[in-house]
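Take a look at the letters that make up each chain.
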Amino acid sequence: MMTGEQYKASLRDGRRTYLDGERVTDPANHPRLKVAVERAARVYDSFYDPRPGAFNPVYIMPKSVEEYEERRALLRKGETDMTLGTTGVVLLALATSAPELGHLKPEYRERIYDYIEFVKANDLRCAEVVTDAKGHRKLRPNQQDDPDFYVHVVDRTSEGVYITGAKMHISGASLDHELVVLPTKAMRPGEEAYAIACAVPVNAPGVTIIDTTYAPYGDYDPRDYPVSGSRNCPEGFVVFDRVFVPYERVFLDGETSHAAVLAHSLGLWERAEGTLHAADDADRMVGLAALLAEANGTADQPHVKDRLAWLVVYATMCRAAAEAAMLHARKTEDGLLTPSPLYVSALKYYRSEMMAKVLDIVHDMGGSLIVNAPRWRDFDNPELHTALAKALGTEPLTAEERLQLFSYVRDTTADAYGGWSYVTGQLAGGGQHAQRLVAMRQYDLERAKDLARKVLKSAGRAEEGSAAGLV
Ligand SMILES: Cc1cc2nc3c(=O)[nH]c(=O)nc-3n(C[C@H](O)[C@H](O)[C@H](O)COP(=O)(O)OP(=O)(O)OC[C@H]3O[C@@H](n4cnc5c(N)ncnc54)[C@H](O)[C@@H]3O)c2cc1C
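Residues numbered from 1 in each chain as written. Predicted model: local features only at pLDDT ≥ 70, side-chain atom pairs only at ≥ 80, totals over all residues. Heavy atoms only, no water.

**A word on the sheet that holds strand 1 (residues 17-19)**
Rules: The criterion for strand pairing is that DSSP finds at least two bridges linking the strands in question. Runs of H or I in DSSP of at least four residues are treated as helices and runs of E of at least two as strands, each being numbered from the N terminus. Between N-to-C directions, angles span 0 to 180 degrees; the directions come from axes that are lines fitted to C-alpha atoms, helices contributing only their stretch in contact.
What the 6 strands build is an open sheet, ordered 2-1-8-9-5-4; its pairing is mixed. In the strand order of this sheet, the two ends are held by strand 2 (22-24) and strand 4 (152-156), each with one partner. Ignoring strand direction, the axes of neighbouring strands in this sheet form an average angle of 25 degrees. Here 3 bridges tie strand 1 to strand 2, and the two strands are oriented antiparallel to one another. Note on strand 2: the bridge partner recorded for Leu19 is Glu22.

**Here we look at the layout of surface pockets**
In plain terms, the rule: Cavity: a set of points on a 1 Å grid over the protein atoms alone where a 1.4 Å probe fits but cannot get out. Pocket: an open set with protein on both sides within 12 Å along at least five of seven lines, its lining residues, like those of a cavity, having an atom within 4 Å of a point. Grid points are joined across faces, edges and corners, and a volume is the space filled by probe spheres set on the points. In this classification, the charged set is Asp, Glu, Lys and Arg, the nonpolar set is Ala, Val, Leu, Ile, Met, Phe, Trp, Tyr, Cys and Pro, and all remaining amino acids, among them Gly, are polar.
As a volume, the second largest pocket reaches approximately 450 Å³. If you trace the second largest pocket, you find 19 residues lining it, with Thr96, Glu100, His264, Ser265 and Leu268 closest to the centre. Counting residues per element, the ones that place at least two in the lining of the second largest pocket are helix 4 (82-104), helix 6 (259-296), strand 11 (330-331) and helix 14 (432-442). Looking at the lining of the second largest pocket element by element, the count peaks at 6 residues for helix 6. Residue composition of the lining of the second largest pocket, by class: 6 nonpolar, 7 polar and 6 charged.

**Some remarks on the pattern of salt bridges**
Formally: The rule for a salt bridge is simple: a side-chain nitrogen of Lys or Arg has to be within 4 Å of a carboxyl oxygen of Asp or Glu. Throughout this description, buried means an accessible area under 20% of the type-specific maximum (1.4 Å probe, protein chains only), exposed means over 50%, and partly exposed covers the range between.
Applying the stated criterion across every chain yields a total of 26 salt bridges. The partner of Asp155 in a salt bridge is Arg242, and the shortest N-O contact between them spans 3.0 Å. A residue pair is termed long-range when its members are at least 10 positions apart, and Asp155 in strand 4 and Arg242 in strand 9 (residues 235-246) qualify at 87 residues. Under the relative-accessibility criterion, Asp155 is labelled partly exposed at 33%.

**What about helix 4?**
In plain terms, the rule: A helix is expected to reach a length of 1.5 Å times the quantity of its residues less one.
With 23 residues, helix 4 should cover 33 Å at 1.5 Å per step; its first-to-last C-alpha distance of 32 Å lies within 8% of that length. Within helix 4, 18 of the 23 residues are buried, which leaves the element mostly enclosed by the surrounding structure.

**Looking at a nonpolar patch on the surface**
Using the following cut-off: Each patch groups residues whose relative accessible area exceeds 30% and which form no salt bridge, using 9 Å between like charges and 5 Å between nonpolar side chains of Val, Leu, Ile, Met, Phe, Trp and Tyr. Each accessible area value is a Shrake-Rupley result obtained with a 1.4 Å probe; residue values ignore everything except the protein chains displayed when judging cover.
Taken together, Tyr422, Val423 and Leu427 make up a surface patch of nonpolar side chains, about 260 Å² in accessible area. Topologically, Tyr422 is positioned in helix 13 (residues 416-427).

**Regarding empty space enclosed by the protein**
Within this structure, the stated rule accounts for 2 cavities of 30 Å³ or more. A volume near 60 Å³ is recorded for the largest cavity. Forming the walls of the largest cavity are Arg351, Ser352, Met355, Ser421, Tyr422, Gly425 and Gln426. When contributions to the lining of the largest cavity are tallied by element, the ones reaching two or more residues are helix 8 (341-366) and helix 13. Taken together, the residues of the lining of the largest cavity break down into 2 nonpolar, 4 polar and 1 charged. Taken as a whole, the second largest cavity holds about 30 Å³ of empty space.

**Details of the packing of helix 12 (residues 399-414) against helix 13**
Which entries qualify depends on this criterion: Note on definitions: a residue-residue contact is assigned when non-hydrogen atoms from the two residues lie within 4.5 Å.
The geometry of helix 12 relative to helix 13 is characterised by a closest axis approach of 4 Å and an angle of 35 degrees between their N-to-C directions. Packed against helix 12, whose contacting residues are Asp411, Thr412, Thr413 and Ala414, the element helix 13 presents Ala416, Tyr417, Gly418 and Ser421 at the interface.

**Some words on the site of the ligand**
Applicable threshold: Nearness of a residue to a molecule or strand requires only that one of the residue's heavy atoms be within 4 Å of it. Pairs of N or O atoms within 3.5 Å make up the polar contacts considered here, provided that, within protein, one atom can donate a hydrogen while the other can accept it, and that residues adjacent in sequence are counted only when both atoms are side-chain atoms.
If you check the shell around the ligand, you find 17 residues, and the closest are Glu128, Thr131, Lys134, Arg137 and His169. One of the backbone N or O atoms of Glu128 is found 2.7 Å from a nitrogen atom in the ligand. Between the ligand and the protein, one listed contact pairs an oxygen atom with a backbone N or O atom of Val130 at 2.9 Å. Contact with the protein chains covers 64% of the free accessible surface of the ligand, which is 960 Å². The set of elements that each furnish at least two residues to the shell around the ligand consists of strand 5 (160-171) and helix 13.

Below, the structure written as structure tokens:
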């Protein structure tokens with residue numbers, strides 16, 4: 001396994017990454033990337049085990065709910081960050097797709113399992129490289145005025161393929177070791193070049209990554225950005241310019257019929273991991289709202305209690321859907337556990353639909369101090385401290401406690417991380433329309449129609465009402 005220091009050194013491998021207009025030669029020492037690198041390094045250290053054969057639990061591909069829970073429990077023993085999360089999601093997606101791709105060509109399945117072993121043995125981090133630049137959304141990949149809007153095969157030899165194109169929004173790409181490239185959606189006959197799935201090292205010749213990050217700029221006080229300042233991670237715009245991929249790292253090559261298999265598996269695992277996060281996040285929102293009400297002395301007001309109850313119902317529905325997703329989990333032909341896509345997508349959709357109201361309630365309970373609370377350096381300034389402490393320090397919280405609470409709520413709901421997580425919650429793993437499509441595909445509409453037919457048949461006949469499920 002790698003230590004944190006070894007991980008940091010592994011990023012100095014000649015990769016072509018950019019941020020704020022400049023080439024980044026050493027992410028570990030870049031002012032706006034070093035926090036994310038440091039965090040990823042801490043994750044490595046938290047799991048480090050020098051014994052031969054030891055590996056990070058993220059590489060476990062669970063075959064039962066028990067194994068899934070055990071994997072989660074093992075993961076909770078160490079620290080976590082975006083690069084660890086995307087590694088787990090993308091490997092689970094590959095493993096979920098392996099049996100179906102194996103029916104196309106047995107070597108696809110073998111290559112996937114070999115690749116998972118390779119990544120595990122070398123303790124590598126992988127990015128989910130799916131979302132293409134896409135150009136004009138209503139045009140197919142091969143109808144765009146530039147063929148490179150979707151990553152595609154531009155050349156091949158007896159050894160492998162060359163790919164060109166651009167993928168966007170790739171979380172943690174420039175801090176990972178591997179780019180797992182998957183088609184963004186179903187492809188049609190004639191679009192064979194776009195039906196490509198493969199793995200590419202981040203430092204492969206022809207790969208360029210242009211980063212964005214919500215990490216605060218400049219010499220900020222970490223207390224003003226308790227989450228943005230310590231848990232940020234870059235998203236990468238990844239450009240492929242005739243990047244060579246040897247066949248042993250190609251998992252799909254031209255079979256348009258199966259392009260969607262990988263995208264669906266990735267979306268499922270991305271959302272599934274998100275659902276568990278959504279349930280915890282919802283509980284956190286309830287807690288923050290309750291603390292804000294206490295801080296303002298309004299906790300016993302009927303309208304405040306009402307709104308808190310709304311949040312409690314919301315959080316409970318999130319938890320229920322997350323648990324139902326595992327309760328209704330299925331297995332692939334190779335025995336890998338996969339959560340129920342219906343519950344996963346329904347929760348993702350529900351959470352996004354509700355989020356604006358959740359934030360409304362939290363902000364309304366807190367008041368304007370959420371955005372206008374003084375910054376910590378002013379609070380610490382001896383010339384200002386007494387006046388600020390006097391204005392902020394009211395029972396049951398000290399001025400420091402109140403400032404900490406309001407700074408946290410601003411950062412996570414109304415400032416850097418807040419904006420990022422609002423949009424991410426809606427779009428990462430697919431937007432709202434995609435969730436509706438999955439839900440419709442997975443829901444048993446015929447059963448629902450049968451139920452409705454039964455009700456219609458028995459309408460007016462009281463004795464048959466209960467048989468049709470009516471009370
Ligand atoms: C912070 C963050 C992190 C992310 N991380 C990753 C990552 O690690 N890896 C990755 O691959 N992706 C990642 N994504 C990308 C995410 O999966 C996409 O943003 C999402 O799938 C939506 O794609 P899009 O942004 O291109 O929007 P679009 O798909 O273009 O959607 C925009 C709007 O256009 C509509 N639309 C799109 N196509 C059509 C059409 N043909 N006809 C009619 N309407 C249409 C949609 O319904 C929607 O309303 C991330 C996104 C965010 C915000």
